[in-house]
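# Fold and contact review
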Amino acid sequence: MTTANDLIHISAADLAERLSSGEVSSVEATRAHLDRIEAVDGDVHAYLHVAADAALERAAEVDRLRAEGDAGLGPLAGVPVAIKDVLCTIDMPSTAGSRILEGWVPPYDATVVRKLREAHLIPLGKTNMDEFAMGSSTEHSAYGPTRNPWDLDRIPGGSGGGSAAAVAAFEAPFALGSDTGGSIRQPAAVTASVGVKPTYGGVSRYGAIALASSLDQVGPVSRTVLDSALLHDVIGGHDPRDSTSIPDTWPSMAAAARAGRREGAMKGMRVGVVKQLNGEGFQAGVTQRFTEALALLEEAGAEIVEIDAPHFEYAIAAYYLILPAEASSNLAKFDSVRFGLRVNPPGGGTVEQVMSATREAGFGPEVKRRIILGTYALSAGYYDAYYGSAQKVRTLIQRDFDAAFGRVDVLVTPSAPTTAFRLGEKLDDPLAMYLNDLTTIPANLAGVPGIGLPIGLAPEDGLPVGIQFMAPARADARLYTVGAALEQILEDRWGGPLLSQAPELAVATAGGTN
Amino acid sequence: MSEITAEQVAHLAHLARIELSPEEIESLTKELGSIVDNVAKVTEVATPNVPATSHPIPLVNIFRPDVVGETLTQEQALRGAPEHAEGRFKVSAILGEEQ
Amino acid sequence: MAKPDLMDFDRALELYEPVLGFEVHVELNTATKMFSDAPNYFGGEPNTNITPVDLGLPGSLPVVNEQAIRYSISLGLALGCSIAESSRFARKNYFYPDLAKNYQISQYDEPIAYRGSVDVELEDGRSFTIPIERAHMEEDAGKLTHVGGSTGRIQGAEYSLVDYNRAGVPLVEIVTDIIYGADRDAPELAKAYVSTIRDIVVALGISDARMERGNLRCDANISLSPRGSGILGTRTETKNVNSLRSVERAIRYEIQRQAAILSAGGTITQETRHWHEDTGRTSAGRPKSDADDYRYFPEPDLLPVQPSTELIEELRAALPEAPALRRRRLKAEWGFTDLEFRDVVNSGLLNELAETVAAGASPQAARKWWTGEIARLANAAGVDSSSLVTAQQVAELIELVEAGTLTDRLARQVLEGVIAGEGSPAQVVDTRGLAVVSDDTALLAAIDEALAAQPDVLAKIRDGKVQAAGAVIGAVMKAMRGQADAARVRELVLERAK
């Protein structure tokens, strides 16, 4: 017999099996997660919106279809899922964590959301994020920060802290995230969850509220590598509504993840350690766990090779020019005319004054900072030196990747330089905050895929440490194989998932907080 | 050292249509200066012979057939608008010229 | 204003040389918009021909219309341009409420077509080559309606309303190089150039090219250079020029206005000016300044356009004949004299005539109606002839005349009905009851009544004074309120005299 407690702790893959066998119903699974949200989200604040009634209705519908023997139900039918608030949903507000979009319900679904619905997954609600995905801590959400389930005084990473925390706090089996410079992988690292940034163009961006169009990519967030792969298989593939969507057909990511669990999966795999993204500037416990993980990979038959990527040290600089430039243009549409907030200056004003007052009141400080920076980088007389040069650095970083992948199958780095820091610790120092994405940014600049997964706790603070693998563009499947292989090795040593070592969260009694 | 001035920040804020407070202009001037100092290192390696990359995955000629699809209804279009009238989005007076 | 603000045109040309440049926007008549699959149609209920893309909703993304690419390449080829091996879209960033995303997707440093030329004929038959700098693709903006205030204009309005149906309509902007040497032909050359562009896009079938509907819009740049100085003057850009006639008038006006300012020692402000058809003047718009920082950058949501040689050659092979060749052919086919043909061309009615002939009318009849009655009515209304009636309607009218259903006089009344929107010529004939009375019984009754009133007429006719019949015919026509065929009446009167 499966208890409600089991239902929230098992993986999405296990849950899907139990749903398929009829052992549990989707209503039971959905109810268990809604109860968990009710119990812990007052403290964690992973969700901005919970669609309890709609979720239970959809779950009942899936149960009915299954009872009727519907052969069209996908492998994940009836499994609940959380959705980052950056994605447009026709039946839930989509705010991207910004005051300027408070309460906005789009008249359309993002392509990935449509695919979730078509596969009969059950959307539980929308997860918290840094405003317009600008941040590494979720402290820049206009609706208050999300807290790390490992330590409620610490950040859950960002921008997708809500999705990572929801998964780590067992408030959803898996979730959708978006990753522009690390917003899936860095939160995964600090919450001991798994997250994947697919190859740019591998998953549709249609309906993902744009931060930086040439860097953004939607991807899965979960507790196991296989669960991310299963979700990737649902949301991936060509979308004619996104011009940058790759028209190729893709192999099954789930099959690739399962292959990683087989004996000898790492044998002969060439793993490149990026010289520039190791050692200096990394917390001691991060480096220690990273080194141990490399040793385990070597033990499993992988060949570890040091790789020189000389231009990676320019990645953050290029990123903080390209991102603000594109964002300054993407965010121009928030002008109080067609949707969202409108603030009228005292005594009224011209449309220009209304727009300026709205954007002043509706955007938070980090968004304003980046819009101004991006406006500067694009303006006449500065374009060549800043935006133009950043685009050239992008070419150089791509060349570094090309050279590296001529020698190795995957590259490996820590997912983040430190474990979770305390709320407020870096809020007043934008440059320090920007360094959190040191290891994740190169993949976005080059468009290559990356996976982050937990590799243990840092001895000095007992907080999770993550590792990142990167593969050539279009070779996402390889990451699932490698990730699943390492996950297997580590869980065998730990005797179970790392998240089972997380402290129990206080459970709010009925009528409690939230 | 970059030379970002408060006047420059005020001009950028106007271009970006954000009515920054004087305090925000002051703090942004400082922050922007230090950020620009840091990101300016891109110019060290961006030599003239390096081509620019604007798309990470190179694709070309991505087109759509000229076939009409589904449109929004007027109700859907206007539903999220702060103000509307006569089936149109309503904005306060525009000073300036007709475009 | 106390001082004369216009200089005599001839005097202005003695002192200054006009330097011209044109930006012509052509709306393509594709089925869908440039970057969305919404219908390419902007009449009708506001905010209905839109998708999330046209409304610039968060998360929406543009996808390029393939037909718009083909049309743009064809147009580029017809303008004698090279087609870029690789061209791309850029974002032009500026805030304006009719611009849904607050940036316009346009082409900036890599247009699809570049460096071409167009041969333009003046009324006296002289030819002039206009250099084309580029033709690039972009999207149109929505439409603003200004409410309150006295005039419905932007100044003094209380608020404005936005309809995004036009947002995303595909445009090609054709930009000329600087045009020197037009001299006193400048106004006429401007008109001939726009008219030629119109002929080209109509022949290509890529635009409805109705200036009064904004399918074809011309921004005219003009500056004056003191004669012999070799110094370029400051230019103005005149917008809102919505007919061939106003292109000519606006250029003429700007030459006279700028000359007056310059000769009085003043300076020209570099600015946008708006043409006002009603007053025949331009007024100052926004000054151009360094503040126009559009922060162009490559559109990250779209990919480069790299047409294959095969596609370009396929489109080149399908190009219609060049306007000059076509004119030569039509003149021969129609058997027009030089004068007749030039009259048609100079009235800008060549396409209307060709379409009318294609619809079955004889060339001479088509010429007579278009350059005669229709041109007269258009002139009186201050609009282009093509905005009044369609070639189909004119052909139908001519057919009714040739079938004897209408006399010329009646046909003119039917034409008025058609222009008033009462339907097709046949419908107007029906509803107004304007057909020629071809029933002999009714005519004979009227003839007998007239003969009774003038009993001597029959005798005169019988004496060989046939012209006496005129008095009876006049009376009959009057009695029939013009709805009789005078020739038939005459026949019947002569029969009665036998």
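Further up the page is the structure itself.
Remember, it's a predicted structure, so these values are computed and weren't measured experimentally.

This next bit is on the sheet that holds strand S6 (residues 218–222) of chain A. All names here are of chain A. If you walk across this open sheet you meet the 11 strands as S1-S3-S2-S4-S6-S5-S10-S11-S9-S7-S8, and the pairing is mixed. At either margin of the open sheet sits one strand with a lone partner, and together these are strand S1 (47–50) and strand S8 (303–307). If you compare each strand with its neighbour and ignore which way they point, the axes differ by 30° on average. Where strand S5 (residues 194–197) meets S6, two bridges bridge the pair, whose relative direction is antiparallel.

The next subject is the interface of chain C and chain A. In many reports, interface size means the accessible area that the parts give up when they come together. Taken together, the contact pairs 32 residues of chain C with 38 residues of chain A. Taking both partners together, chain C and chain A bury about 2700 Å²; carbon and sulfur atoms supply 61% of that area. Considering only the surface of chain C that becomes buried against chain A, Pro58(C), Leu61(C) and Arg295(C) emerge as the three largest contributors, covering 22% of it. Linking chain C with chain A are two salt bridges, by the criterion used here. For the salt bridge of Arg241(A) with Asp37(C), the shortest nitrogen-to-oxygen distance reads 3.9 Å. There are 16 residue pairs in polar contact (both at pLDDT 80 or more) connecting chain C and chain A. Among the residues forming the side of chain C that touches chain A, the class breakdown is 21 nonpolar, five polar and six charged.

This part covers helix H7 (residues 338–346) of chain C. Residues and elements named next belong to chain C. All buried positions along H7 are accounted for by Glu340, Phe341 and Val344. Buried residues of H7 fall within an arc of 95° about the axis and therefore sit on the same side. In this structure, H7 carries Asp338 and Leu339 as exposed residues pointing more than 90 degrees from its buried face. Looking at the buried side of H7, the elements it contacts are helix H6 (323–334), helix H8 (350–358) and helix H9 (363–381). Residue Gly348 follows H7 closely and has a positive phi angle near 70°.

Turning our eyes to something else, we now look at the sheet that holds strand S3 (residues 88–92) of chain B. Strand pairing in a sheet relies on backbone hydrogen bonds. The paired strands run either parallel or antiparallel. The antiparallel open sheet is built from four strands, whose spatial order is S2(B)-S3(B)-S9(C)-S8(C). Strands at the two margins of the open sheet, each flanked by one partner only, are strand S2 (84–85) of chain B together with strand S8 (143–147) of chain C. Taken together, the four bridges between S3(B) and strand S9 (residues 159–163) of chain C define a ladder with antiparallel strand orientation. Considered in S9(C), the bridge of Val91(B) is made with Ser160(C).

It is worth spelling out the pairing of strand S3 (residues 122–127) of chain A at this point. Across a regular strand the side chains alternate sides, sitting on one face of the sheet and then on the other. Residues and elements named next belong to chain A. For S3, the tally of buried residues reaches six of six residues, placing the bulk of the element in the interior. Where S1 and S3 come together, three bridges link them in antiparallel fashion. Residue pairing in the sheet places His49 in a bridge with Lys126 of S3. Across five bridges, the pairing between strand S2 (residues 80–84) and S3 is parallel.

With that settled, consider the packing of H9(C) against helix H11 (residues 408–419) of chain C. Packed helix pairs are specified by the crossing angle of their axes together with the interaxial distance, meaning the distance between the axes. Residues and elements named next belong to chain C. Packing of H9 against H11 leaves a shortest axis separation of 12 Å and a crossing angle of 55°. Considering their axes alone, H9 and H11 lie oblique with respect to each other. Considering how the two elements wind past one another, H9 and H11 form a crossing that is right-handed. Each of Lys368, Trp369, Glu373, Ile374 and Leu377 in H9 lies in contact with H11, whose residues at this interface are Asp408, Ala411, Arg412, Leu415 and Ile419.

Turning our attention to the interface of chain B and chain A. Every contact between the two is made by 55 residues of chain B and, on the other side, 65 residues of chain A. Roughly 5000 Å² is buried in total at the junction of chain B and chain A, and carbon and sulfur atoms are behind 68% of that figure. Three residues, Arg17(B), Pro56(B) and Ile57(B), lead the burial of chain B against chain A; their summed loss comes to 13% of the area buried on that side. Our enumeration of links across chain B and chain A arrives at five salt bridges. Among the salt bridges present, the one from Lys41(B) reaches Glu313(A), with a minimum N-O distance of 3.6 Å. One can count 20 residue pairs in polar contact (both at pLDDT 80 or more) joining chain B with chain A. Within the residue set of the side of chain B that touches chain A, elements represented by two or more residues are helix H1 (6–15), helix H2 (22–39), helix H3 (42–45), helix H4 (74–79) and S3 of chain B.

Formed by 192 residues in total, the largest nonpolar core has its most connected members in Leu87(A), Phe132(A) and Phe469(A). Core analysis: the second largest hydrophobic core is formed by 72 residues, Leu204(C), Cys218(C), Val247(C) and Ala250(C) among them.

This part takes up unusual backbone geometry. With an omega of 5°, the peptide bond running from Gly158(A) to Ser159(A) counts as cis. By the element assignment, Ser159(A) lies in the loop between S3 and helix H6 (161–168). With a phi angle near 50°, Glu86(B) is a residue other than glycine that sits in the positive phi range. Within the fold, Glu86(B) resides in the loop between S2 and S3. We note that Ala209(C) has phi near 55°; this positive angle belongs to a residue other than glycine. By secondary structure assignment, the location of Ala209(C) is in the loop between helix H3 (186–204) and strand S11 (216–226).

Two side chains carrying opposite charge are able to pair once their charged atoms lie near each other. This structure, assessed with the given rule, holds 64 salt bridges over all chains. In this structure, a network of salt bridges that share partners links the residues Arg205(A), Asp242(A), Arg91(C), Glu299(C) and Asp301(C).

A complete count under the given rule lists 23 aromatic pairs over all chains for this structure. Pairing Tyr319(A) with Tyr320(A) gives two aromatic rings, centres 4.9 Å apart and planes at 85°, and the pair type is edge-to-face. Grouping residues by exposure puts Tyr319(A) and Tyr320(A) together as buried. With centroids separated by 6.2 Å and ring planes inclined at 75°, the aromatic side chains of Tyr294(C) and Tyr296(C) adopt a geometry described as edge-to-face. The structure contains a cluster of three or more aromatic residues connected by ring pairs, namely Trp104(A), Phe132(A), Phe334(A), Phe339(A) and Phe363(A). Seen from the ring of Phe421(A), Lys426(A) lies directly overhead, with NZ or CZ sitting 4.4 Å from the centre. In this arrangement the basic side chain of Arg367(C) is found over the ring face of Phe336(C), its NZ or CZ atom lying 5.8 Å from the centre.

About the criteria used
Residues numbered from 1 in each chain as written. Chains lettered and ligands numbered in written order. Predicted model: local features only at pLDDT ≥ 70, side-chain atom pairs only at ≥ 80, totals over all residues. Heavy atoms only, no water. Pairing = 2+ DSSP bridges. Helix = DSSP H or I, 4+ residues; strand = E, 2+ residues; numbered from the N terminus. Axes fitted to C-alpha atoms, helices over the stretch in contact; angles between N-to-C directions. Contact = heavy atoms within 4.5 Å. Buried area = accessible area lost by both parts, 1.4 Å probe. Salt bridge = Lys/Arg side-chain N within 4 Å of Asp/Glu carboxyl O. Polar contact = N/O pair within 3.5 Å; in protein donor to acceptor, adjacent residues only side chain to side chain. Nonpolar A, V, L, I, M, F, W, Y, C, P; charged D, E, K, R; others polar. Buried < 20%, exposed > 50% of the residue type's maximum accessible area, 1.4 Å probe, protein only. Arc of directions from axis to C-beta. Parallel < 35°, antiparallel > 145°, perpendicular 65-115°, else oblique. Left-handed = near helix turned anticlockwise from the far one by under 90°. Core = buried A, V, L, I, M, F, W, Y, C linked by side-chain atoms within 4.5 Å. Phe/Tyr/Trp six-rings, centres within 6.5 Å; stacked < 30°, edge-to-face > 60°. Lys NZ or Arg CZ within 6 Å of the ring centre and 35° of its normal.

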